[in-house]
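# Reading the structure
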Amino acid sequence: MSLSIDVFNSGYKPVPNPPGWTAPQQATWPATTASLISGSTDALLVDALITTAEGERLASWVRESGKNLTTVYITHGHLDHFFGAGPTLAAFPQAQLASLPEVVSQAQTSARSLESWRGWLGGQFDEKAAIPTALTSDELEIDGHVVRPLVLGRSDGVINSVVHVPDLATVVSGDVAYNNIHMWLWRSTPDTRTEWLATLDALAALRPERIITGHKDPDAPDDDARRVLDQSRRYIEDFDRAVAGSTSVPDLVGRMMEKYAAYGNLYTLIAAAASQFDD
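All of these numbers come straight from a predicted model, not from anything done at the bench. (Residues numbered from 1 in each chain as written. Predicted model: local features only at pLDDT ≥ 70, side-chain atom pairs only at ≥ 80, totals over all residues. Heavy atoms only, no water.)

### So, the overall build of the protein
Looking only at helices and strands, the protein has eight helices and 13 strands in total. In terms of its C-alpha atoms, the protein occupies a principal-axis envelope of roughly 55 × 40 × 35 Å. Looking at the 279 residues of the protein, the share that counts as buried comes to 53%. For the protein, the proportion of contacts with a sequence separation of at least 24, taken over those separated by at least 6, is 73%. Put simply, the protein has 21 plus and 35 minus side-chain charges, and the middle of one group is 3 Å from the middle of the other. (Helix = DSSP H or I, 4+ residues; strand = E, 2+ residues; numbered from the N terminus. Buried < 20%, exposed > 50% of the residue type's maximum accessible area, 1.4 Å probe, protein only. Contact = heavy atoms within 4.5 Å. Lys, Arg positive; Asp, Glu negative; His and termini not counted. Charge placed at Lys NZ, Arg CZ, Asp CG, Glu CD.)

Printed below as a string of structure tokens:
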């Protein structure tokens, strides 16, 4: 039996009283995905969301697959991709929570990091969540099929890895690419944006036909690799130009919204814009 991939999308979740938010509508955290790569009997889960409620829903979804979960693989160290793993690990105690060593070393578990996440999501997550352990191999096997976790470089502030599924010409990209959602460019600089573009080039070099992004609008039309790569590159380039030409947060947000009003999660853009004008 060949491999298959199913995707769980958390949808958007309210952010209570986020810093810098003055718009009348509710601020939200971007819709986030977890991907189940399955063989005939075993499966591997890529990323595990963040809130306790999401974690419970995710665990039920994985149980309903009927597969034997062997690994929960974490693409990068941002809490919104692994602090929700607890319920799934409880349901599948034999499964390992793991990532590549470069990712494990950057897992956001410091007191300062937790304080930031509390500001965004209050007490919605388990602050004593399990931390990934380092893999000793750069290959994972699912019922005889090899999938490859790969570190491609920096994207939204940390080292990001992807999971390449050669049998399906698919890459589960974590936060290297986004799909119809404002990209997390908080505290980015011209240099870090250039680094992110280089990471997208490394992703393109894998020649995927499908890219499953870590943040995907539930109404995004597809996972077509060329479209996802093109829009991610263009967004970063447009943000870079908009920063250079803007004199204020509203100016920067307005320039981006001229092109990206249809994208999900306005708060991501506002937070990114505000970070470019910090005193």
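### A short note on the packing of aromatic side chains
Considering all chains together, one arrives at 15 aromatic pairs under this definition. Seen from their ring centres, Trp29 and Trp184 are 5.6 Å apart, and the 55° between their planes marks the pair as tilted. Of this pair, Trp29 sits in strand β3 (residues 28-29) while Trp184 sits in the loop between β12 (170-179) and α5 (190-204), placing them 155 residues apart in sequence. Like Trp184, Trp29 is buried. (Phe/Tyr/Trp six-rings, centres within 6.5 Å; stacked < 30°, edge-to-face > 60°.)

### Considerations on unusual backbone geometry
Its identity is not glycine, yet Asp143 carries a phi of approximately 50°, on the positive side. With a phi close to 50°, Ala169 is a non-glycine residue in the positive phi region. For Ala169, the location among the structural elements is in the loop between β11 (159-165) and β12.

### Quick look at the environment of Gln106
Looking at the element boundaries, Gln106 is found in the loop between α3 (101-104) and α4 (111-121). With 118 residues separating them in the primary sequence, Gln106 and Asp224 have C-alpha atoms 30 Å apart. Discounting residues that sit within four places of it in the chain, Gln106 has contacts with Gly77, Arg154, Val158 and Ile159.

### A short note on the sheet that holds β12
The five strands are arranged β9-β10-β11-β12-β13 in an open sheet whose pairing can be described as mixed. Edge positions in the open sheet fall to β9 (140-142) and β13 (210-216), since each of these has one partner strand only. Each strand axis lies, on average, 35° off the axis of its neighbour in the sheet, ignoring direction. When β11 meets β12, the two strands line up antiparallel, connected through three bridges. Within β12, the residue paired with Val165 across the bridge is Thr170. Lying over the sheet, α5 contacts β10 (145-154), β12 and β13, oriented at roughly 160° with respect to β12. In the packing of helix α6 (residues 225-245) onto the sheet, contacts are made with β12 and β13, and the angle to β12 comes to roughly 25°. (Pairing = 2+ DSSP bridges. Axes fitted to C-alpha atoms, helices over the stretch in contact; angles between N-to-C directions.)

### Some points on the pattern of salt bridges
One pass over the structure, following the stated rule, counts 12 salt bridges. A salt bridge links Arg148 to Glu139; the shortest N-O distance between them is 3.6 Å. (Salt bridge = Lys/Arg side-chain N within 4 Å of Asp/Glu carboxyl O.)

### A look at the side chain of Asn180
Assignment of secondary structure puts Asn180 in the loop between β12 and α5. Look at Asn180 and you get buried, because its relative accessible area is 18%. Among the polar contacts made by the side chain of Asn180, one reaches the side chain of Arg227 at a distance of 3.1 Å. With residues up to four places along the chain from it excluded, the contact list for Asn180 reads Asp217, Ala220, Pro221, Arg227, Gln231, Tyr263 and Gly264. (Polar contact = N/O pair within 3.5 Å; in protein donor to acceptor, adjacent residues only side chain to side chain.)

### Focus on the environment of Asn68
Mapped onto the fold, Asn68 is located in strand β6 (residues 68-73). Apart from the residues within four sequence positions on either side, Asn68 is in contact with Thr41, Asp42, Ala43 and Gln94.

### Considering the sheet that holds strand β5 (residues 42-46)
Pairing between the strands of a sheet is mediated by backbone hydrogen bonds and can be parallel or antiparallel. Taken together, the six strands give an open sheet; going across it, the order is β1-β4-β5-β6-β7-β8, and neighbouring strands pair in mixed fashion. Taken across any chain shown, the strands that pair with only one partner, and hence form the sheet edges, are β1 (4-9) and β8 (133-134). Here three bridges tie β6 to strand β7 (residues 96-99), and the two strands are oriented parallel to one another. What sits directly across from Thr71, in β7, is Gln96. Each of β1, β4 (33-38), β5 and β6 touches helix α1 (residues 52-65); the most contacted strand, β1, lies at about 155° to it.

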